[in-house]
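Remarks on the overall topology
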Amino acid sequence: MDGAIPHLRCPVCREPLAREDRSLRCPRRHSFDMARQGYVDLSAGRLPHTGDSAQMVADRAGFLAAGHYSFIAAALARHRTGGLVLDAGTGTGDYLSRFLEDSPEAVGIGLDVSKPALRRAARAHPRAAAVLTDLWRPLPVADAAASVIVNVFSPRNGPEFYRVLRSDGLLLVVTPAADHLSELVTAHGLIQVDPDKAARVSGSLGDHFALEAGTTLRRELKLTAAEARTLIGMTPSARHVPVEDLPTRDLTVTAAVDVAVWRPR
């Protein structure tokens, strides 16, 4: 946590923060307690939603721990840096942790709105801080602080990403490709990938960023029935698939994601 504090800002007045015992305080004495689980709440009480539930987070943690999405983490981590890595929508902190392992001089900040996720993210890596905040609001991060922003399956706040990213920095965005989890979508009625996804990503970022490179990564995942049920549980479809419709046998599932590299304009 301590290495990341110089990059954080008070969500009320935007002043720098300093650690005092179990709190972060700014010069104007706005104070923000650190939860005993290790994350700090910099939402200033402005959270219109609570993000992923504890069960969804547990499913995600189990699935990622099995290494099924390690190819995504590896694709992100090859963009090594010695500066700040900002993980916008960090979830359990797995992608940020892998990035920091491959960038030993870097520090990280994981932002998320889900308290159950941040309880895990706070323990993901010793050089990472976990921060409760809403990605749609002004981020509690200093101007031009980040060398790299990582954004995996999460909301994209183009103006704020531009503000907190260095002029020579990278924005790495991972979104589901059209055939992502197609077998589960067909068999179990999962929410389909928006066919206009690429246009929406470009619309949210294009005013501030230029697309430098993009690639689609695909893997065939050999899943047990239990792993397939866990995968469904960590998706937005978790609340919509009846228990009796969940997989009962082993199957092969296509994981397909678009990885885009954006540069500030």
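Quick caveat: nothing in here was measured; it's all calculated off a predicted structure.

What counts as what
Residues numbered from 1 in each chain as written. Predicted model: local features only at pLDDT ≥ 70, side-chain atom pairs only at ≥ 80, totals over all residues. Heavy atoms only, no water. Buried < 20%, exposed > 50% of the residue type's maximum accessible area, 1.4 Å probe, protein only. Helix = DSSP H or I, 4+ residues; strand = E, 2+ residues; numbered from the N terminus. Pairing = 2+ DSSP bridges. Right-handed = clockwise from strand over helix to strand, strands pointing away. Salt bridge = Lys/Arg side-chain N within 4 Å of Asp/Glu carboxyl O. Contact = heavy atoms within 4.5 Å. Axes fitted to C-alpha atoms, helices over the stretch in contact; angles between N-to-C directions. Core = buried A, V, L, I, M, F, W, Y, C linked by side-chain atoms within 4.5 Å. 1 Å grid on protein atoms, 1.4 Å probe; cavity = no way out; pocket = protein on both sides within 12 Å on 5 of 7 lines; lining within 4 Å. Points joined across faces, edges and corners; volume = space filled by probe spheres on them. Nonpolar A, V, L, I, M, F, W, Y, C, P; charged D, E, K, R; others polar.

It is worth spelling out the pairing of strand β7 (residues 128-132) at this point. Taking burial as the measure, the five residues of β7 include five buried ones, the bulk of the element. Neither face of β7 is exposed, since A128, A130 and L132 on one face and A129 and V131 on the opposite face are all buried. Bridging between strand β6 (residues 107-112) and β7 involves five bridges; their strand directions are parallel. Bridge assignment links G110 to a residue of β7, and that residue is A130. In the classification by handedness, the crossover that spans β6, the intervening helix α4 (residues 115-121) and the parallel β7 is right-handed.

With that settled, the discussion passes to the pattern of salt bridges. Summed over all chains, the structure comprises 12 salt bridges. Where R28 meets E15, a salt bridge forms, and the shortest distance between an N and an O atom there is 3.9 Å. With R28 in the loop between β2 (23-25) and β3 (31-33) and E15 in the segment before β1 (18-20), the pair connects residues that are 13 residues apart, well separated along the chain. Overall, E15 belongs to the partly exposed group, its relative accessible area being 26%. Between R60 and D52 there is a salt bridge; the shortest N-O distance is 2.7 Å.

The mixed open sheet is built from eight strands, whose spatial order is β4-β7-β6-β5-β8-β9-β11-β10. At either end of the open sheet lies a strand with only one pairing partner, and these are β4 (40-41) and β10 (209-223). With six bridges joining them, strand β9 (residues 165-176) and strand β11 (residues 251-264) adopt antiparallel strand pairing. Within β11, the position partnered with V174 by the bridge is V259. The strands touched by helix α8 (residues 225-233) are β10 and β11; relative to β10, the strand with the most contacts, the crossing angle is about 150°.

Counting residues in each nonpolar core, the largest one holds 39 residues, and the members touching the most others are Y69, I72, L76, Y95, V150, L172 and L231. The element best represented in this core is β11, accounting for six residues. Setting aside anything within four residues of it in sequence, one finds L172 in contact with L76, H79, F99, V148, I149, V150, N151, A260 and V261. By size, the runner-up hydrophobic cluster in this structure holds 38 residues, among which are V40, L84, A88 and F209.

The next subject is the layout of surface pockets. Size it by volume and the largest pocket reaches roughly 1,200 Å³. Every residue lining the largest pocket is counted, 44 residues in all, and those nearest its centre are D52, R60, F153, S154 and P236. Residue assignment for the lining of the largest pocket shows that the elements contributing at least two residues are α1 (54-65), α3 (94-102) and α7 (197-205). The greatest single-element share of the lining of the largest pocket, amounting to three residues, is contributed by α1. Tallied by class, residues from the lining of the largest pocket come to 20 nonpolar, 13 polar and 11 charged. Of the pockets and cavities examined, the second largest pocket occupies roughly 250 Å³. Forming the boundary of the second largest pocket are 20 residues, of which T175, K197, A198, V201 and D258 lie nearest the centre. Contributing elements (two or more residues each) for the lining of the second largest pocket: β9, α7, β10 and β11. Its residues assigned to classes, the lining of the second largest pocket shows 13 nonpolar, four polar and three charged.

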